[in-house]
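Next come the chains, spelled out residue by residue.
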Amino acid sequence: MQTVMVKGRTYNYIHAIGMGTPGGLGFRNPLDLALGKDDLIYVLSRGSEGEPCQRVTVLTTDEEFVREYGGPGEGDGEWVWGNSIALDDEGRLYLADEWLHRISIFDKEGNFLSKWGVPGSGPGELNGPAGLAFNSKGELLITENLNHRVQRFTPDGQYLGSFGSEGTGDDQLIRPWGLAVDKYDNVFVADWHNNRVQKFSSDGQYMMTFGTPGKGIGELNLPSDVAVDSDGDVYITDWWNNKVEVFDGDGEHLTTFIGNADKPSKWAQQFLDDNPDYRKARMRATSLAQEQLFYSPVAVEIGDDGSIYIVEDQRWRIQVYRKEQDWVDPQFNL
């Protein structure tokens, strides 16, 4: 476990979750996750054209498999390019399909309930829905990758309003992806092609920008998602740079996560124990140093206990960190 202490904060790496499989105990090109009640995690796998594995995997924080549902297609309960998921207060799961320009809704058990969405660029229409988040009023906010804006809807799809337009100026967006809402209903948008995260008020007024374009510490290159913790600190998955940047609420850079998965996940270790040939081949590797690092971190969520869940699209796993709430350094008399 690695401990990082910076500016009054303490972060610990905890463990990894998941592995790459076409079904069951694992994920395939996971793009998003949502944290539910009873320590449940919902993970959206997108799969690929060569291996369609569209599904939602439900598991516990202790990596116990619960269920999976979904599948490739255009019918009810299916999707083509699932891009993001979000849970409402009743535990219903909302899924954005970037290809079909629609939102599908499932109950707690994974049963399909309904869908809505009309393709287009007018008010209330969707073109490449990319990110989902609920505010405190129960309204669903959606970023649109191809309409370069954020729209607000009721849970059943009634249009409420929008903000943003295509461009590089303040309050403009180019192909926005993930988004988050803080406890004040401020909206944080991963402005993917502008290499920044923008913060807006609840009514869509521009407030500030996090990050600058680049490859260095605190710089961003195609950020895909953003999350905000209870203290107002901001976490950004820097997708192309393979890192996660952390800022305080004023935009000051705090630290950088690069990945610390020095041990296989529970599921991966179980697979290695059951398959000695794979275990021996892994032991023959000259170096496993790269294995612990992030490879295309694509989504981030914050748990109530300060846990930070980071999804890796290309390593097919989740790395878990924790921002410790009551960390006390031991005092030694030497």
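Everything numeric in this text was worked out from a predicted model, so none of it was measured.

One way to put it is that helix α1 (residues 266-274) packs onto helix α2 (residues 276-283) with a least axis distance of 5 Å and a crossing angle of 110°. Classed by the angle they form, the pair α1 and α2 counts as roughly perpendicular. Touching Phe271, Leu272, Asp273 and Asp274 of α1 are Pro276, Tyr278, Arg279 and Arg282, all from α2.

What follows deals with the sheet that holds strand β12 (residues 140-144). The pairing of strands in a sheet comes from backbone hydrogen bonds and takes either a parallel or an antiparallel form. Read across the open sheet, the 4 strands follow the order β11-β12-β13-β14; overall the sheet is antiparallel. The sheet is open, and its two edges are formed by β11 (129-134) and β14 (159-163), each paired on a single side. Mean inter-strand twist for the sheet, computed between neighbouring axes without regard to direction, equals 20°. With 5 bridges joining them, β11 and β12 adopt antiparallel strand pairing. Across the sheet, Phe134 pairs through a bridge with Leu140, a residue of β12.

In this structure, Ile17, Leu33, Ile41 and Ile318 are the most contacted members of the largest nonpolar core, which totals 21 residues. At the level of elements, β3 (30-35), β4 (40-45), α1, β25 (297-302), β26 (307-312) and β27 (317-323) are the ones that each hand at least two residues to this core. Contacts of Ile41, omitting those with residues within four sequence positions, involve Ile17, Leu33, Ala34, Leu35, Thr57, Val58, Leu59, Thr60, Thr61, Tyr309 and Ile318. With 17 residues, the next largest nonpolar core counts Tyr13, Leu254, Ile302 and Ile310 among its residues.

On the basis of which strands lie adjacent, the open sheet formed by 4 strands has the order β7-β8-β9-β10 and antiparallel pairing. Edge positions in the open sheet fall to β7 (82-87) and β10 (112-116), since each of these has one partner strand only. Averaged over all adjacent pairs, the angle separating strand axes in this sheet is 20°, with direction ignored.

What follows deals with the packing of aromatic side chains. Under the criterion given, the structure shown has 22 aromatic pairs. Ring centres 4.8 Å apart and planes at 45° place the aromatic pair Phe163 and Phe200 in the tilted group. On the criterion of sequence distance, the pair formed by Phe163 in strand β14 and Phe200 in strand β17 (residues 196-200) is long-range, its members being 37 residues apart. Take Phe200: its relative accessible area is 0%, and that puts it in the buried class. When the centroid spacing of 6.0 Å and the interplanar angle of 65° are considered together, the rings of Trp177 and Trp239 count as edge-to-face. Separated by 62 residues along the polypeptide, Trp177 in the loop between β14 and β15 (179-181) and Trp239 in the loop between β22 (234-238) and β23 (243-247) bring together distant segments of the chain. Classification of Trp177 by relative accessible area gives buried; the value is 13%. These aromatic residues form a ring-pair network of at least three members: Tyr11, Tyr13, Tyr235, Phe257, Phe294 and Tyr321. Lying across the ring of Trp316, Arg28 places its NZ or CZ 4.3 Å from the centre.

Analysis parameters
Residues numbered from 1 in each chain as written. Predicted model: local features only at pLDDT ≥ 70, side-chain atom pairs only at ≥ 80, totals over all residues. Heavy atoms only, no water. Axes fitted to C-alpha atoms, helices over the stretch in contact; angles between N-to-C directions. Helix = DSSP H or I, 4+ residues; strand = E, 2+ residues; numbered from the N terminus. Parallel < 35°, antiparallel > 145°, perpendicular 65-115°, else oblique. Contact = heavy atoms within 4.5 Å. Pairing = 2+ DSSP bridges. Core = buried A, V, L, I, M, F, W, Y, C linked by side-chain atoms within 4.5 Å. Buried < 20%, exposed > 50% of the residue type's maximum accessible area, 1.4 Å probe, protein only. Phe/Tyr/Trp six-rings, centres within 6.5 Å; stacked < 30°, edge-to-face > 60°. Lys NZ or Arg CZ within 6 Å of the ring centre and 35° of its normal.

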